[in-house]
Amino acid sequence: MDCHALHSDLRSKGIRSDIAMTSLENTPALALAKRLRRRLYRPIWESRFPYYSYMNRNRCVFVHIPKNGGTSIRRALGASAKGRTHLPWSVYEEANPKKFSRYFKFAFLRDPTSRLHSAYHYLCAGGNGADWDLEVAEDIAQYPDFDTFVAEGLPRRLYRDKLLLYPQTYFVCDNRGHIKVDFLGRMETFDRDARYVFSKLGLKQHIGRENTTAASTSGTTIAPATRERIAAFYADDYALIDQIDNSTARGDVN
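Remember, predicted model here, so these are calculated numbers, not experimental data.

**Q** Honestly, the pairing of strand 3 (residues 183-186) in this entry has me stumped. Any pointers?
**A** Within a regular strand, side chains alternate between the sheet's two faces. The two faces of strand 3 match: Phe183 and Gly185 on one face and Leu184 and Arg186 on the other face are all buried. Bridge analysis of strand 2 (residues 104-109) against strand 3 gives four bridges, and the strand direction is parallel. Its bridge partner lying in strand 3, Phe108 is registered against Gly185.

Now the structure itself:
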């Protein structure tokens, strides 16, 4: 590339060519390329998916498991209303191992029966309104009630492939069942555990519950056979919750 072309290229990127050319004269080409790359792309890197700006700002990784109070946590951490994602721990580690190692990593668990019941009613209402959720809502209408859905619908691939119904262990554990985050809170003790998270991040926040589904298992009759099916389907989730509840400390889990 000749000098004129280099000047034009730098101007198109918003870089003062006189400064860049001085660097070019005194710096090996490879070092210059690295410096330009850092200057051009650092703002993008700082908020590159999946590390949203609120994670970088608070030096945390929030593994957002669907139907587990994540919208409230994100809002309290200063996240925008858009860009909500439900990703397993492995995506964050692969994207940036250094950040994953250094940042405080946490998630919230929920009783699988309560979570599934909430997800069922959410899907019945059309979910987030996307085409896929509307298709699921249309399909789920064939089941007259929650018990029938668990017995006949849940085993179907259509629902096994629905991220909303993935086991919670998928998001926070590796294939050997090892917990890969620093802290696991519980929806059942949400206020207390959220306070712990924010104390670890050096923040003082009041967490308001958002994006909650009106349906709850409290006061709802669920057949014993249905509970047994759910317990079998989400056996790993229940084992993980037992591990957390029986731990001697309610702080970091590792």
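**Q** Got a minute to help me understand the nonpolar core in this structure?
**A** Looking at soluble globular proteins, one finds that nonpolar side chains tend to be buried together. Core analysis: the biggest nonpolar cluster contains 38 residues, and Ile73, Phe106, Val172 and Leu184 have the highest contact counts within it. Broken down by element, this core gets its largest block of residues, five residues, from strand 2. Those residues within four positions of Val172 in sequence are excluded, and the remaining contacts are Val63, Ile65, Trp89, Ala107, His178, Ile179, Lys180, Val181, Leu184 and Leu240.

**Q** How should I be thinking about the packing of helix 8 (residues 112-124) against helix 9 (residues 131-140) in this particular structure?
**A** The geometry of a pair of packed helices is captured by two quantities: the angle between their axes and the separation between those axes. In contact at an axis separation of 8 Å, helix 8 and helix 9 are set at 100° when each is read in the N-to-C sense. By the angle between their directions, the pair helix 8 and helix 9 is classed as roughly perpendicular. In contact with Tyr120, Tyr122, Leu123 and Cys124 of helix 8, helix 9 contributes Asp133, Val136, Ala137 and Ile140.

**Q** How do you make sense of the packing of aromatic side chains when you look at a structure like this?
**A** One pair of aromatic rings is described through two measures. These are the centre distance and the angle between the planes. Counted by the stated rule, this structure contains 16 aromatic pairs. Considering the side-chain rings of Tyr51 and Tyr103, the 6.0 Å spacing of their centres and the 80° angle between planes classify their relative orientation as edge-to-face. Taken together, the residues span a long stretch of sequence, with Tyr51 in the loop between helix 3 (29-46) and helix 4 (53-58) and Tyr103 in the loop between helix 7 (97-102) and strand 2 at a distance of 52 residues. With relative accessibility at 2%, the residue Tyr51 sits in the buried group.

**Q** Can you walk me through the environment of Arg156 in this structure?
**A** Looking at where Arg156 falls in the secondary structure, it is placed in the loop between helix 10 (146-153) and helix 11 (157-160). What makes Arg156 partly exposed here is its relative accessible area of 31%. In this structure Arg156 touches Asp139, Gln142 and Tyr143, once residues within four positions along its chain are discounted.

**Q** Looking at this model, I keep getting lost on the pattern of salt bridges. Mind explaining?
**A** Two side chains that carry opposite charge are able to pair once their charged atoms sit near each other. Taken as a whole and judged by the stated rule, the model has seven salt bridges. Among the ionic pairs, Asp161 bridges to Arg157, the shortest N-O distance being 3.2 Å. For Arg192, the salt bridge identified is with Asp193, shortest N-O distance 3.4 Å. Within the structure, one salt-bridge network assembled from shared partners comprises Arg186, Glu188 and Asp245.

**Q** I keep staring at unusual backbone geometry and nothing clicks. Help me out?
**A** With the exception of glycine, most residues fall at negative phi, and the peptide bonds are largely trans. Here the residue pair Phe49 and Pro50 is connected by a cis peptide bond, since its omega of 5° sits within 30 degrees of zero. Despite not being glycine, Arg59 shows a phi value in the positive range, around 50°. For Arg59, the location among the structural elements is in the loop between helix 4 and strand 1 (60-62). Positive phi, close to 70°, is recorded for Lys67, a residue that is not glycine. Take Lys67: it is sitting in the loop between strand 1 and helix 5 (70-76).

**Q** Honestly, helix 8 in this entry has me stumped. Any pointers?
**A** Owing to its 3.6 residues per turn, the α-helix brings residues three or four apart onto one side. Taking 1.5 Å per residue, 13 residues should reach 18 Å; helix 8 reaches 18 Å between its end C-alpha atoms and fits that length. Of all the 13 residues making up helix 8, eleven are buried; the element is thus mostly covered by neighbouring parts of the structure. Residues of helix 8 that are buried: Pro112, Thr113, Ser114, Arg115, Leu116, His117, Ser118, Ala119, Tyr120, Tyr122 and Leu123. Sitting at the amino-terminal end of helix 8 is Asp111, which places a side-chain oxygen 3.1 Å from the backbone nitrogen of Thr113.

**Q** Hey, could you run me through the packing of helix 8 against helix 10 in this one?
**A** In contact at an axis separation of 11 Å, helix 8 and helix 10 are set at 100° when each is read in the N-to-C sense. If you check the angle between helix 8 and helix 10, you find them roughly perpendicular. Seen from helix 8, the contacting residues are Leu116, His117 and Tyr120; seen from helix 10, they are Phe146, Phe149 and Val150. Grouping the amino acids of the contact of helix 8 with helix 10 by side-chain chemistry returns five nonpolar, one polar and no charged.

**Q** How should I be thinking about the sheet that holds strand 1 in this particular structure?
**A** Either a parallel or an antiparallel arrangement is found when strands of a sheet pair, and the pairing is made through backbone hydrogen bonds. Pairing is parallel in the open sheet, where three strands are placed in the order 1-2-3. Strand pairing shows two members of the sheet lacking a second neighbour, strand 1 and strand 3, which therefore form its edges. Adjacent strand axes in the sheet meet at a mean angle of 25° when their direction is disregarded. Of the strands in this sheet, strand 2 and strand 3 touch helix 13 (residues 190-200), which is tilted by about 175° from strand 2. Relative to strand 3, helix 15 (residues 235-245) is tilted by about 100°, and along the sheet it contacts strand 2 and strand 3.

Each value, and the rule that gives it
Residues numbered from 1 in each chain as written. Predicted model: local features only at pLDDT ≥ 70, side-chain atom pairs only at ≥ 80, totals over all residues. Heavy atoms only, no water. Buried < 20%, exposed > 50% of the residue type's maximum accessible area, 1.4 Å probe, protein only. Helix = DSSP H or I, 4+ residues; strand = E, 2+ residues; numbered from the N terminus. Pairing = 2+ DSSP bridges. Core = buried A, V, L, I, M, F, W, Y, C linked by side-chain atoms within 4.5 Å. Contact = heavy atoms within 4.5 Å. Axes fitted to C-alpha atoms, helices over the stretch in contact; angles between N-to-C directions. Parallel < 35°, antiparallel > 145°, perpendicular 65-115°, else oblique. Phe/Tyr/Trp six-rings, centres within 6.5 Å; stacked < 30°, edge-to-face > 60°. Salt bridge = Lys/Arg side-chain N within 4 Å of Asp/Glu carboxyl O. Expected span 1.5 Å × (residues − 1). Polar contact = N/O pair within 3.5 Å; in protein donor to acceptor, adjacent residues only side chain to side chain. Nonpolar A, V, L, I, M, F, W, Y, C, P; charged D, E, K, R; others polar.

Shape is all these values report; function is a separate question.
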